Amino acid sequence: MGSDTPMIVGAVVAAVVLAVVVTVLDRRLGWSGPLMLVAIGAGIAMIPGVPHFAIDPDVVLYGVLPPLLFSAAIRASLIDLRARRDPILLSSIGLVAFTVVAVGGVAWALVPGIGVAAALAFGAVVAPTDQVAVEAATRRARLPRMLSTLLDGENLLNDATALVALNSAIMAITATISPVAIGASFVLEVVGGAAAGLLVGWLLGLVRGALGAPVLDTSLSLVTPFIAFLLAQLVHGSGALAVVVAGLYLGYRAPNFQSAQARVAEALNWKTIQFIVENLVFLLIGLTVPSAVIGARGAGIPLGRFIAIAVGLLLAVVVSRLVWGVVLTPLFRYGPARLRRVGWPWGAVLPWTLSGVRGVVTLAAVFLLPAATPDRAVLQLLAFVIVIGTLLLALPIPRVLRQSGMVSSASDQERIEAELLMAEAKAAGLEQVRAMTAGRADPRVIARLTADAEFVSSSVSEEPTPQGESLNAAYAKLRIKLFQAERQAVLVARAEGRYQEAAVRAVMQILDAEETAARVMRSPEL
């Protein structure tokens, strides 16, 4: 074992513990967790003796981006994304292209010595919003369902467009490339990435359905994004798009091939992975800022001029998004019926603009710029500034939503719909059981099943309780208290040694599963 190994392991452990502490502060005090981690990382990096950190773009692209995209994709609603595919495609393709040109033009005008190709490459670097950064920045904002769906779709799909644009600009820096070649490259990446993602999703869905064991199923789930990414790279397709397509397919098809245990295990595992990786990314941003500053000093740009350039480029990023929203909103308000169905109000433009946070993709992409790029170190520092700047601009989103009249009531509507659907499912299940066991089942069993189904069905139309809760929510609340008391009784029995550990574990698993179902009934996460 190398002498540095204990230090590396200790650093990773400390980073995870730090992420947990910061998240607790974020939830209790309302502070921005991502910004706290960036600030802490920068502070640690400036401590004498701490080595300088640098981002390896291959580690980010191959090791960090696939699991983060997959974690978001399997939780995304394919139905919602398809229903709003027009604005999502306009944002993930049209807005990215517009941002590349707009930011590239400003960079060409402001950054001394930069060429057109390098300026457009920088525009491609900062063009894509980031799924992780957007989720982290808007988590406390309670975005309306319409707005969150549009952001999810945009964040999942715009990486491919931006990386194609970046590759084209990089080739233009070192060689000559025609518009036809750019178009062919884009088509190849999209088709290859989508095909690879569908193939991986379909094959692994078949395999995982045949396995049956939750542990084996989850193990394959953990390697799925990497398989999709690498396969797409082999056929010169977009690895990011392949991961997204595979995740959307498997997330939508999961109830057809996964057991309930496997779905619960997969959801918890990917939430944990996303939490750890996304927080480590923000910490890494802070740790690498001092190195980026040192690298940019050699360019000889005075501090005042650098600040002016950074502010100008940040404004270009934000204003290009704002202009795109202002231009497209009349289409969704007064255009064809297909676009009007999106339900895009004028009040959504500003919160949507402020939600355009940049993150890990931008940081990885800027390090892909070739060494021949003029002012490469300056562009790297500018990318860091834009990432941090967009995180800061996302802070007032909750206030903007309230002032624009877009405070979400979607959670109440979703809870009602969940209760209606549960009542429908209960009635169908009970009818099936009665048909299968007619005259053969114990009447007491049927009576218990009937009482449960009838309670769920009737509670949907009942008035709320005096506390303002639905009967289902009130029932779930008391069930949780019941399970907690039952769990305490099991622990007492174990402490007294009256039952074997295997029996204790079996009962605890049943109680945990039932309590989980009760918590979902009380506050469904759709």
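Attention shifts here to the overall build of the protein chain. Of the regular secondary structure elements, the protein chain holds 22 helices and zero strands. Sorting the 526 residues of the protein chain into buried and exposed places 44% on the buried side. Taking contacts inside the protein chain between residues at least 6 apart in sequence as the whole, the part at least 24 apart equals 79%. Carbon and sulfur atoms make up 66% of the accessible area of the protein chain, which amounts to about 26,100 Å² in all.

This part is about the environment of Asn167. Mapped onto the elements of the fold, Asn167 is located in helix α8 (residues 145-174). Sequence separation between Asn167 and Ser185 is 18 residues; the distance between their C-alpha atoms is 9.1 Å.

With respect to the helices, strands and loops of the structure, Leu231 is situated in helix α10 (residues 214-234). It is 6.2 Å that separates the C-alpha atoms of Leu231 and Ala196, two residues lying 35 residues apart in sequence. Ignoring any residue separated from it by four or fewer positions in sequence, one finds Leu231 in contact with Ala196, Leu199 and Val200.

With that out of the way, let us pick up the nonpolar core. Core analysis: the biggest nonpolar cluster contains 110 residues, and Phe122, Leu166, Trp344 and Leu382 have the highest contact counts within it. In terms of residues, this core owes the most to one element, helix α13 (residues 303-334), which gives eleven residues. Residues within four places of Phe122 in sequence aside, it is in contact with Val103, Ala107, Leu313, Leu379, Leu382, Ala383 and Ile386. Of all hydrophobic cores here, the second largest spans eight residues; its members include Ile480, Phe483, Leu511 and Ala518.

Here we take up a positive patch on the surface. On the surface, Arg82, Arg85, Arg340 and Arg341 cluster together to form a positively charged patch. Tracing the backbone through its elements, the reader meets Arg85 in helix α5 (residues 85-110).

Tallied over the full model, the rule gives four salt bridges. Here Arg208 ties to Asp217 by a salt bridge, and the two come within 3.2 Å at their closest N and O atoms. The residue Glu496 makes a salt bridge to Arg498 at a minimum N-O spacing of 2.7 Å. Each of the salt bridges in this network shares a partner with another, and the network as a whole consists of Arg208, Asp217 and Glu266.

Here we take up the packing of aromatic side chains. Where two aromatic rings form a pair, the distance of their centres and the angle of their planes describe that pair. Counted under the stated rule, the structure contains six aromatic pairs. Seen in terms of ring centroids, Tyr62 and Phe229 are 5.2 Å apart; in terms of plane orientation they differ by 70°. Their pairing is edge-to-face. Separated by 167 residues along the polypeptide, Tyr62 in helix α3 (residues 57-75) and Phe229 in helix α10 bring together distant segments of the chain. Between Phe367 and Phe384, the ring centres sit 6.4 Å apart and the planes meet at 85°, which makes this aromatic pair edge-to-face. Within this pair, whereas Phe367 is found in the loop between α16 (360-366) and α17 (376-393), its partner Phe384 is found in helix α17, the two being separated by 17 residues in sequence. An identical accessibility class is assigned to Phe367 and Phe384; each is buried. Positioned over the ring face of Trp352 is Arg321, at 4.0 Å from the centre of the ring.

With that settled, consider a nonpolar patch on the surface. A cluster of nonpolar residues, Phe98, Leu303, Ile307, Val311, Leu315, Val319, Val323 and Val327, forms a patch on the protein surface that exposes about 700 Å² of accessible area. If you tally residues by element for the nonpolar patch, the top one is α13, at seven residues. Mapping Val319 onto the fold places it in helix α13.

Even without glycine at this site, His236 takes up a positive phi of about 60°. With respect to the secondary-structure elements, His236 resides in the loop between α10 and α11 (239-257).

This next bit is on the side chain of Arg321. Within the secondary structure layout, Arg321 lies in helix α13. Arg321 sits in the buried class, given a relative accessible area of 2%. If sequence neighbours within four positions are ignored, Arg321 has contacts with Leu95, Thr129, Leu151, Glu154, Trp352, Thr353 and Gly356.

Now for α5. Residues three or four positions apart in an α-helix share a direction because the helix packs 3.6 residues into each turn. If you check α5, its first and last C-alpha atoms are 36 Å apart, about what 26 residues at 1.5 Å a residue would give, namely 38 Å. For α5, the principal kink sits at Ser91 and spans about 30°. Buried within α5 are the following residues: Asp86, Pro87, Ile88, Ser91, Ser92, Leu95, Val96, Thr99, Val100, Val103, Gly104 and Ala107.

If you trace the backbone, Thr353 turns up in helix α15 (residues 349-354). Judged by its relative accessible area of 5%, Thr353 is buried. Among all residues touching Thr353, those that are not within four sequence positions of it are Val318, Arg321 and Leu322.

Looking now at the packing of helix α6 (residues 116-126) against α17. Interaxial distance between α6 and α17 falls to 11 Å at its minimum, and their mutual angle equals 30°. Compared by their axis directions, α6 and α17 come out roughly parallel. When you trace α6 past α17, the crossing you get is right-handed. Of the residues in α17, those touching α6 at Phe122, Val125 and Val126 are Leu379, Leu382, Ala383 and Ile386.

Turning next to the packing of α3 against α11. Relative orientation of the contacting elements α3 and α11 amounts to 30°, with a least axis distance of 7 Å. Handedness of the α3/α11 crossing: right-handed. When α3 is examined against α11, the residues Pro66, Leu69, Phe70, Ala73 and Ile74 are found in contact with a partner set consisting of Ala240, Val243, Val244, Ala246, Gly247, Leu248, Leu250 and Gly251. In terms of residue class, the contact of α3 with α11 is made up of eleven nonpolar, two polar and no charged.

Rules used throughout
Residues numbered from 1 in each chain as written. Predicted model: local features only at pLDDT ≥ 70, side-chain atom pairs only at ≥ 80, totals over all residues. Heavy atoms only, no water. Helix = DSSP H or I, 4+ residues; strand = E, 2+ residues; numbered from the N terminus. Buried < 20%, exposed > 50% of the residue type's maximum accessible area, 1.4 Å probe, protein only. Contact = heavy atoms within 4.5 Å. Areas by Shrake-Rupley, 256 points an atom, 1.4 Å probe, with all protein chains shown as cover. Core = buried A, V, L, I, M, F, W, Y, C linked by side-chain atoms within 4.5 Å. Patch = residues over 30% accessible without salt bridge, like charges linked within 9 Å, V, L, I, M, F, W, Y side chains within 5 Å. Salt bridge = Lys/Arg side-chain N within 4 Å of Asp/Glu carboxyl O. Lys, Arg positive; Asp, Glu negative; His and termini not counted. Charge placed at Lys NZ, Arg CZ, Asp CG, Glu CD. Phe/Tyr/Trp six-rings, centres within 6.5 Å; stacked < 30°, edge-to-face > 60°. Lys NZ or Arg CZ within 6 Å of the ring centre and 35° of its normal. Expected span 1.5 Å × (residues − 1). Bend = angle between axes of the 7 residues up to and from the residue. Axes fitted to C-alpha atoms, helices over the stretch in contact; angles between N-to-C directions. Parallel < 35°, antiparallel > 145°, perpendicular 65-115°, else oblique. Left-handed = near helix turned anticlockwise from the far one by under 90°. Nonpolar A, V, L, I, M, F, W, Y, C, P; charged D, E, K, R; others polar.

Everything listed is a geometric property; what it means functionally is a separate question.
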